[in-house]
Amino acid sequence: MQKFIITGGRKLRGQLAVQGSKNSALPIMAASLLCGEECVLWNCPRLTDVYAASRILNHTGCKCSFSENTAVIDPKDVTETSIPESLMHEMRSSIIFMGAMLGRTGECTVSIPGGCELGPRPIDMHLAALRKMGADIREEHGRIICCGKGHGAKISLAFPSVGATENIILYAVTADGETVINNAAREPEICDLCGFLRKCGADIKGDGGSSIVIKGKKQLYGCEYSIMPDRIAGATYLAMTAASGGEIILTNACIPETEPFLSVLEQTGCSIYTNRDKIYLRSGARLNAVKERIRTMPHPGFPTDAQAVLMAALSVADGTSVFEENIFDCRYRHVDALVKMGADIQVMGKIAVVKGVKGLCGADVNATDLRGGAAMVIAALTADGTSTIGNICHIDRGYEKMEDAVRLLGGDMRRS
Ligand code: EPU
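Residues numbered from 1 in each chain as written. Predicted model: local features only at pLDDT ≥ 70, side-chain atom pairs only at ≥ 80, totals over all residues. Heavy atoms only, no water.

**A look at the pattern of salt bridges**
- This model, assessed by the stated rule, comprises 18 salt bridges.
- Glu90 is the salt-bridge partner of Arg55, the closest N and O atoms lying 2.6 Å from each other. You can see Arg55 sitting in helix H2 (residues 48-60) and its partner Glu90 sitting in the loop between helix H3 (85-88) and helix H4 (97-105), a full 35 residues away along the chain.
- By sharing partners, the salt bridges in this structure join Arg293, Arg295 and Glu324 into a single network. (Salt bridge = Lys/Arg side-chain N within 4 Å of Asp/Glu carboxyl O. Helix = DSSP H or I, 4+ residues; strand = E, 2+ residues; numbered from the N terminus.)

What follows is the structure, given as structure tokens:
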């Protein structure tokens with residue numbers, strides 16, 4: 001099992017290009033199943049979750065290959081509609097293949113993604129919506145057996161679930177008639193998925209707002225598409241540089257989409273300037289605590305995926321910051337590791353109270369989940385001494401060679 005070994009205390013400085021977005025790449029890869037022709041995806045991040053998606057595609061009979069950050073997917077020969085449990089369990093978001101497979105072939109068998117690092121991840125909204133669109137869905141011993149080509153429907157989501165919105169869109173783009181999704185997720189990655197599908201010939205309107213209207217088309221075509229930059233990876237490197245007292249120019253960044261994070265980070269006293277696809281951040285003295293409660297919310301609220309990395313930075317800020325996690329039940333699992341490194345954090349249900357300490361000290365810890373692992377890297381980079389982070393498979397799911405990015409900025413981090 002690989003580890004990261006990090007010696008803290010260096011100010012990070014330099015320029016870094018943000019990787020392509022994981023949470024766009026995964027549904028777009030699933031969407032390519034719906035196209036009758038080859039799709040070329042640029043700016044595709046090389047991550048273990050992306051490789052897991054490519055294994056699912058190859059299993060169905062598609063041909064998916066990579067060259068650097070370009071993925072080429074040829075979906076002409078889909079011969080297999082049952083995705084084995086082992087492939088489904090490689091990543092939680094494999095469930096988005098359900099809508100795409102159903103749309104392409106009118107049948108699929110997938111598995112319920114198990115309970116996970118972030119707490120239970122039910123798929124009740126996905127199933128209810130696809131049933132409303134005409135899918136016949138049975139659950140047998142953890143397998144979900146679905147059939148039906150689907151028809152348009154009016155769907156109102158009880159919560160703007162990202163995955164449920166994606167599954168409905170994927171099923172609706174080739175279904176008969178019009179589908180309306182009310183209370184749809186407004187995350188930028190939904191817009192990226194819709195941008196890709198429109199380039200393939202789909203008729204989708206309203207993405208980015210809470211009502212999306214999709215008119216089913218008989219046929220979608222192949223296209224070439226550039227995946228949007230990863231706003232959470234960008235936020236991670238900004239939080240990391242801020243905590244170290246350094247200075248960074250992020251290139252290939254998506255500015256409006258990162259704004260909900262930037263507006264909170266700015267309150268720590270960092271200077272932040274944006275220009276086109278660049279974000280400049282300078283962090284001089286010790287960070288200030290954030291006075292307002294930091295509430296995670298669906299987009300355009302503060303993103304749950306940036307909660308852990310900001311918490312790591314604020315653990316050494318001057319004063320007390322308060323987080324409220326409203327999206328997932330178990331998204332404070334990184335806190336024990338930060339406390340082991342000397343942070344003063346109390347968790348009470350949804351609330352975490354972070355009293356900034358003067359400094360952290362190196363420790364041996366294990367990544368608990370993707371963003372929690374990234375938070376531990378940030379803490380280790382600010383700490384006195386050397387830390388070892390185990391279970392880094394979690395970090396590799398979402399960050400492209402994080403150790404290279406950190407070293408490029410002058411940090412002391414290696415994989416062993
Ligand atoms: N939920 C239900 N029932 C459902 C669907 C969701 O109760 O049928 C609940 C979930 O349990 C959770 C909340 O709704 O409490 C939000 O879930 P959502 O469906 O919006 O999240 P997701 O699609 O499972 C995606 C991202 C996550 C990100 C969330 C929220 C991908 C591949 N994953 O997950 O990203 O945190 O949206 O923005 O897009 C990450 O990148 O680290 C990550 C976890």
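**Notes on the layout of surface pockets**
- Considered as a void within the structure, the largest pocket measures approximately 1,100 Å³ in volume.
- Along the walls of the largest pocket sit 46 residues, with Arg121, Val162, Gly163, Ile327 and Phe328 positioned nearest its centre.
- As a volume, the second largest pocket reaches approximately 310 Å³.
- Lining of the second largest pocket is provided by 13 residues; of these, Arg46, Leu47, Tyr51, Glu400 and Lys401 occupy positions nearest its centre.
- Counting residues per element, the ones that place at least two in the lining of the second largest pocket are H2 and helix H14 (402-408).
- For the lining of the second largest pocket, the residue count by class is four nonpolar, two polar and seven charged. (1 Å grid on protein atoms, 1.4 Å probe; cavity = no way out; pocket = protein on both sides within 12 Å on 5 of 7 lines; lining within 4 Å. Points joined across faces, edges and corners; volume = space filled by probe spheres on them. Nonpolar A, V, L, I, M, F, W, Y, C, P; charged D, E, K, R; others polar.)

**Re the site of the ligand**
- Taken together, the neighbourhood of the ligand is formed by 23 residues, with Asp124, Ser161, Asp305, Ile327 and Arg371 sitting nearest.
- In the model, an oxygen atom of the ligand is placed 3.0 Å from a nitrogen or oxygen of the Asn23 side chain.
- When the ligand sits alone it has 830 Å² of accessible area, and the protein chains cover 86% of it.
- The cavity where the ligand resides is the largest pocket.
- Ranked by residues supplied to the shell around the ligand, first place goes to helix H5 (residues 124-132) with three residues.
- Here the shell around the ligand is built from residues that sort into ten nonpolar, six polar and seven charged. (Near = heavy atom within 4 Å. Polar contact = N/O pair within 3.5 Å; in protein donor to acceptor, adjacent residues only side chain to side chain. Areas by Shrake-Rupley, 256 points an atom, 1.4 Å probe, with all protein chains shown as cover. Sits in = over half its atoms within 2 Å of the grid points.)

**Overview of empty space enclosed by the protein**
- On inspection of all chains with the given rule, the structure shows two cavities of 30 Å³ or more.
- Of the voids in this model, the largest cavity is the one considered here, and its volume is about 50 Å³.
- When its volume is computed, the second largest cavity comes out at roughly 40 Å³.
- Lining the second largest cavity are Val18, Asp230, Arg231, Gly234, Ala235, Leu238, Leu250, Ala253, Cys254, Thr258 and Ile279.

**Describing the sheet that holds strand S6 (residues 107-111)**
- Ordered in space as S6-S8-S7, the three strands form an open sheet in which the pairing is antiparallel. Taken across any chain shown, the strands that pair with only one partner, and hence form the sheet edges, are S6 and strand S7 (136-140). Between one strand axis and the next, the sheet turns by 15° as a mean value, whatever way the strands run.
- As judged from the five bridges shared by S6 and strand S8 (residues 143-147), these two strands associate in the antiparallel manner. In the strand pairing of S8, Cys108 is matched with Cys146.
- H4 rests against S6 and S8 of the sheet, and its axis sits at about 160° to S6.
- On top of the sheet, H5 reaches S7 and S8; it is set at about 145° to S7, its chief contact. (Pairing = 2+ DSSP bridges. Axes fitted to C-alpha atoms, helices over the stretch in contact; angles between N-to-C directions. Contact = heavy atoms within 4.5 Å.)

**Points about unusual backbone geometry**
- Cis geometry is adopted by the peptide bond preceding Pro300, which originates at His299 and carries an omega value of 10°.
- Structurally, Pro300 can be placed in the loop between strand S17 (294-295) and helix H10 (307-314).
- Positive phi outside glycine occurs at Asn43, with the angle close to 60°.
- A residue is classified by how much of its surface remains accessible, and Asn43, at 22% relative accessible area, is partly exposed.
- Although it is not a glycine, Asn391 adopts a positive phi angle of roughly 55°.
- Since its relative accessible area comes to 26%, Asn391 is described here as partly exposed. (Buried < 20%, exposed > 50% of the residue type's maximum accessible area, 1.4 Å probe, protein only.)

**Considerations on the packing of aromatic side chains**
- Following the criterion strictly, the structure yields five aromatic pairs and no others.
- Between Tyr273 and Tyr280 the ring centres are 5.9 Å apart and the planes differ by 20°, which places this aromatic pair in the stacked class. (Phe/Tyr/Trp six-rings, centres within 6.5 Å; stacked < 30°, edge-to-face > 60°.)

**Quick notes on the sheet that holds strand S10 (residues 178-182)**
- Taken in spatial order, the four strands of this open sheet run S9-S10-S12-S11, and their pairing is mixed. The open sheet terminates on both sides in strands that have one partner only, identified here as strand S9 (154-156) and strand S11 (203-205). When the angles between neighbouring strand axes are averaged without regard to direction, this sheet yields 15°.
- Summarising the sheet, S10 and strand S12 (residues 211-215) pair through five bridges and their orientation is antiparallel. Bridge assignment links Ile181 to a residue of S12, and that residue is Ile212.
- Relative to the sheet, helix H6 (residues 162-172) contacts S9, S10, S11 and S12, its axis offset from that of S10 by approximately 170°.

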